[in-house]
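Notes for the structure review
Each chain, written out:
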Amino acid sequence: MSDAMKVPFVTFKPLEKELDKPLRDAFERVYQRSWYIEGEEDKAFEAAFARYCGASFCVGVGNGLDALMLALKALGVGPGDEVIVPSDTYIATALAVTYVGARPVFVEPDIRTFNIDPGKIESAITNKTKAIMPVHLYGQPCDMDPIMAIARARGLYVIEDCAQAHGALYKGKAVGAFGDAAGFSFYPGKNLGALGDAGAVLTDDPAIADMVRALGNYGSDYKYHHIYKGNNSRLDELQAAFLSAKLVCLDRVNENRRQTARKYLEGMKNPQVILPWVHPDTVPVWHVFGVRCAARDALEKHLNGRGIGTNKHYPIPMHLQECYLDLGFARGDFPVAEEISETELSLPMYYGMTDREIEAVIDAVNSF
Ligand SMILES: *Cc1c(COP(=O)(O)O)cnc(C)c1O
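My aim in this report is to walk through the structure given alongside it, one point at a time. (Residues numbered from 1 in each chain as written. Predicted model: local features only at pLDDT ≥ 70, side-chain atom pairs only at ≥ 80, totals over all residues. Heavy atoms only, no water.)

Concerning the environment of Lys-301
Selection criterion: A helix here means a DSSP run of H or I that spans at least four residues, while a strand means a run of E at least two residues long, and both kinds are numbered starting from the N terminus.
Within the secondary structure, Lys-301 is located in helix α10 (residues 296–305). Separated by 121 residues in sequence, Lys-301 and Asp-180 place their C-alpha atoms 43 Å apart.

As structure tokens, then:
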């Protein structure tokens, strides 16, 4: 066998090589100051990220799950309430709802985009529904106009889960500025990733921003004065400094991922493999390039055998997760989410993929 080229599912190396100096400088800057929590790096990153997304306020928090949970809390969502979430998402979306004491209500996605199907939201609304949490899954923006129209007509909050979609556009506007609040994750693997855990809440409402900040800082508005029984969830200075160094090249990173996706979409011609479909009103950022295939496990084996890394997003849908057995669902209750969990395969996607690597993935898919 010839020495086939290995293509990892993801690697941070190409970007880290380019940003070696700015990242080391960021560390030095913070270390020199010896100030690690709530300082000027936080302030600078929050201002820059709010501006980048077109929102009035950004509050840095500890991670993406906390961002969603604190946003829900700040909007007053709690025990007895229901929150509509997609049936196909990462578990954090649903867990954020559970942690504030509310109940996640699953709504099926549109199988073409993997995103919540706005046409199925209305029938899931009850008199307990307080909010809708659309997730811009895989970096593809949800169809926000119909979602916002339903929310406004029914008096519901909208909290966007933007953990996979930093910089993605819907009708020319960045995600995170459509709803009442938005949660971002800067987990290292996200399109904008820290060198550790980090997250943020965006909002245009100063009262929500203040409350999220207090809730993430022991419920304190000023030192040793506690108005809420809060959490400890803060963006630290080192991560904020790293994120500022990376934010300046986010557009370039996203454009690079789009070019890779374009090459995949043009080059892959295997009738067994269903390629992702892009809603014409959106500019996606391809956090995940997910294809669908009836023989998904065989395709995975074939690719892995040729040295190509793959992943599945997500192999077990929310309603069948062990931790949600208490919700009382069974197989068959959310057939679209189940279909995706059985057929989706994520292909290598990261900043700085070489043409040879991209070609190797295309060839491997076409030869299946
Ligand atoms: C990563 C992710 C989160 C959670 O982010 P963390 O920083 O890992 O807590 C939430 N929602 C979605 C859709 C995600 O992909």
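With respect to the site of the ligand
Rule in force here: Whether a residue is near a molecule or strand depends on its heavy atoms: if one lies within 4 Å, it is near. We call two N or O atoms a polar contact when they sit within 3.5 Å, provided that within protein one can donate a hydrogen and the other can accept it, with sequence-adjacent residues counted only if both atoms are side-chain atoms. The method behind every accessible area is Shrake-Rupley, applied with a 1.4 Å probe, and residues are considered shielded solely by the protein chains displayed. Put simply, Ala, Val, Leu, Ile, Met, Phe, Trp, Tyr, Cys and Pro go in the nonpolar bin, Asp, Glu, Lys and Arg in the charged bin, and everything else, Gly too, in the polar bin.
Taken together, 13 residues lie near the ligand, and Gly-64, Asp-161, Gln-164, Ser-185 and Lys-190 sit nearest. Contact between the ligand and Gly-64: an oxygen atom at 2.8 Å from a main-chain N or O atom of the residue. The contact in question runs from an oxygen atom of the ligand to an N or O atom on the side chain of Gln-164, over 2.8 Å. For the ligand, the accessible surface in isolation is 380 Å², of which the surrounding protein chains cover 90%. Going through the elements one at a time, α4 (64–74) and α5 (91–99) are the ones with two or more residues in the shell around the ligand. Considered class by class, the residues forming the shell around the ligand number five nonpolar, six polar and two charged.

Brief notes about α4
Rule in force here: Summary of the burial criterion: residues with accessible area below 20% of their type's maximum are buried, those above 50% are exposed, and those between are partly exposed, where the area comes from a 1.4 Å probe applied to protein chains only.
Within α4, nine of the eleven residues are buried, leaving the element largely enclosed by the surrounding structure. Its side-chain oxygen placed 3.1 Å from the backbone nitrogen of Leu-65, Asn-63 serves as the N-cap of α4. Count one or two residues on from α4 and you reach Gly-76, which has phi positive near 85°.

Focus: the sheet that holds strand β6 (residues 169–170)
So the rule is basically this: If DSSP finds at least two bridges between two strands, the strands pair.
Overall, antiparallel pairing links the three strands, which are arranged β7-β6-β13 in an open sheet. Edge strands, defined here as strands with exactly one partner in the open sheet, are β7 (173–174) and β13 (282–283). Both β6 and β7 contribute to a ladder of two bridges, which runs antiparallel. Bridging from a neighbouring strand, Tyr-170 pairs with Lys-173 of β7.

Quick word on the state of the cysteines
We count it as follows: Note on terminology: disulfide denotes any pair of cysteine sulfur atoms within 2.5 Å.
Evaluated as defined, the whole model comprises zero disulfides. The thiol of Cys-53 is unpaired, and the distance to the nearest cysteine sulfur, on Cys-162, comes to 7.4 Å. Distance from the sulfur of Cys-142, which forms no disulfide, to the nearest cysteine sulfur (Cys-162) is 8.9 Å.

Comments concerning empty space enclosed by the protein
Formally: We place a 1 Å grid over just the protein atoms. Points where a 1.4 Å probe fits but has no way out form a cavity, open points with protein on both sides within 12 Å along at least 5 of 7 lines form a pocket, and any residue with an atom within 4 Å of a point lines it. Grid points are joined across faces, edges and corners, and a volume is the space filled by probe spheres set on the points.
Evaluated as defined, the whole model comprises two cavities of 30 Å³ or more. Reported here for the largest cavity is a volume of approximately 200 Å³. Lining the largest cavity are 16 residues; nearest its centre among them are Phe-12, Leu-15, Lys-190, Asn-191 and Arg-257. For the lining of the largest cavity, a count of residues per class yields nine nonpolar, four polar and three charged. For the second largest cavity, the full set of lining residues is Ala-55, Gly-176, Ala-177, Gly-179, Asp-180, Ala-181, Leu-202, Thr-203 and Asp-204.

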